Amino acid sequence: MIRITRAIAIALLAAPGLAGATTWELDSSHTAAQFSVTHMMVSTVRGQFGKTTGTIELDDKDVTKSSVQATIDATTISTRDDKRDAHLKSADFFDVAKYPSLTFK
């Protein structure tokens, strides 16, 4: 039993090195896109976006070939103030009608 466990552990440790690149998908239920901004140098406004997706591709042999891509659903912005959220969604800020998502690469 110990030999089988060791063999499995060695295989799992060796597998990423053999693969060259590993891709992970962001788990939306455990990923958060949050922000804070100072408002009129008096208070701090905190907010978040409700949905973020993306991938991380790690090249084990050459980390400079690795990449990250994240997409945030801008329509889900929340600062816990409906009026402010509507203003942030307007053309004055994110213009979510025209640009419903934010993508970072």
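What counts, and at which threshold
- Residues numbered from 1 in each chain as written.
- Predicted model: local features only at pLDDT ≥ 70, side-chain atom pairs only at ≥ 80, totals over all residues.
- Heavy atoms only, no water.
- Phe/Tyr/Trp six-rings, centres within 6.5 Å; stacked < 30°, edge-to-face > 60°.
- Helix = DSSP H or I, 4+ residues; strand = E, 2+ residues; numbered from the N terminus.
- Core = buried A, V, L, I, M, F, W, Y, C linked by side-chain atoms within 4.5 Å.
- Buried < 20%, exposed > 50% of the residue type's maximum accessible area, 1.4 Å probe, protein only.
- Contact = heavy atoms within 4.5 Å.
- Polar contact = N/O pair within 3.5 Å; in protein donor to acceptor, adjacent residues only side chain to side chain.
- Lys, Arg positive; Asp, Glu negative; His and termini not counted.
- Salt bridge = Lys/Arg side-chain N within 4 Å of Asp/Glu carboxyl O.
- Pairing = 2+ DSSP bridges.
- Axes fitted to C-alpha atoms, helices over the stretch in contact; angles between N-to-C directions.

Next up on the list: the packing of aromatic side chains. On inspection of all chains with the given rule, the structure shows two aromatic pairs. For the ring pair phenylalanine 49 and phenylalanine 94, a centre distance of 5.8 Å and an interplane angle of 80° mean the geometry is edge-to-face. Taken together, the residues phenylalanine 49 in strand β3 (residues 43-49) and phenylalanine 94 in the loop between α2 (82-89) and β7 (101-104) connect sequence positions 45 residues apart. An aromatic cluster of three or more residues is present, and its members are Phe35, Phe49 and Phe94.

The residue alanine 97 is located in the loop between α2 and β7 in this model. Separated by 22 residues in the primary sequence, alanine 97 and threonine 75 place their C-alpha atoms 8.3 Å from one another.

Right, let's talk about the nonpolar core for a bit. If you look at the biggest cluster of nonpolar residues, it comprises eight residues: Ala33, Phe49, Ile72, Ala74, Ile77, Leu88, Val96 and Leu102. Residues contacting leucine 102, with those up to four places away along its chain left out, are Phe49, Ala70, Thr71, Ile72, Ala74 and Phe94.

As a further point, take the environment of aspartate 27. Mapped onto the elements, aspartate 27 comes out in the loop between β1 (21-25) and β2 (33-39). You can call aspartate 27 partly exposed: its relative accessible area is 40%. Considering only alpha carbons, one finds aspartate 27 and threonine 52, 25 residues apart in sequence, at a separation of 8.5 Å. A polar atom in the side chain of aspartate 27 sits 2.8 Å from the side chain of serine 29.

Mapping aspartate 95 onto the fold places it in the loop between α2 and β7. Although aspartate 95 lies buried, it forms no salt bridge, and the closest oppositely charged side chain, lysine 98, sits 5.0 Å away as judged by the N-O distance.

Attention now goes to the sheet that holds β1. The strand order across the open sheet formed by four strands is β1-β4-β5-β7, and the pairing between neighbours is antiparallel. With partners counted over all chains shown, the strands left at the sheet margins are β1 and β7, one partner each. Strand-to-strand, the axes of this sheet are offset by a mean angle of 10°, without reference to chain direction. Across four bridges, strand β5 (residues 67-73) lies against β7 in antiparallel orientation. Within the sheet, the bridge partner assigned to aspartate 73 lies in β7 and is serine 101.

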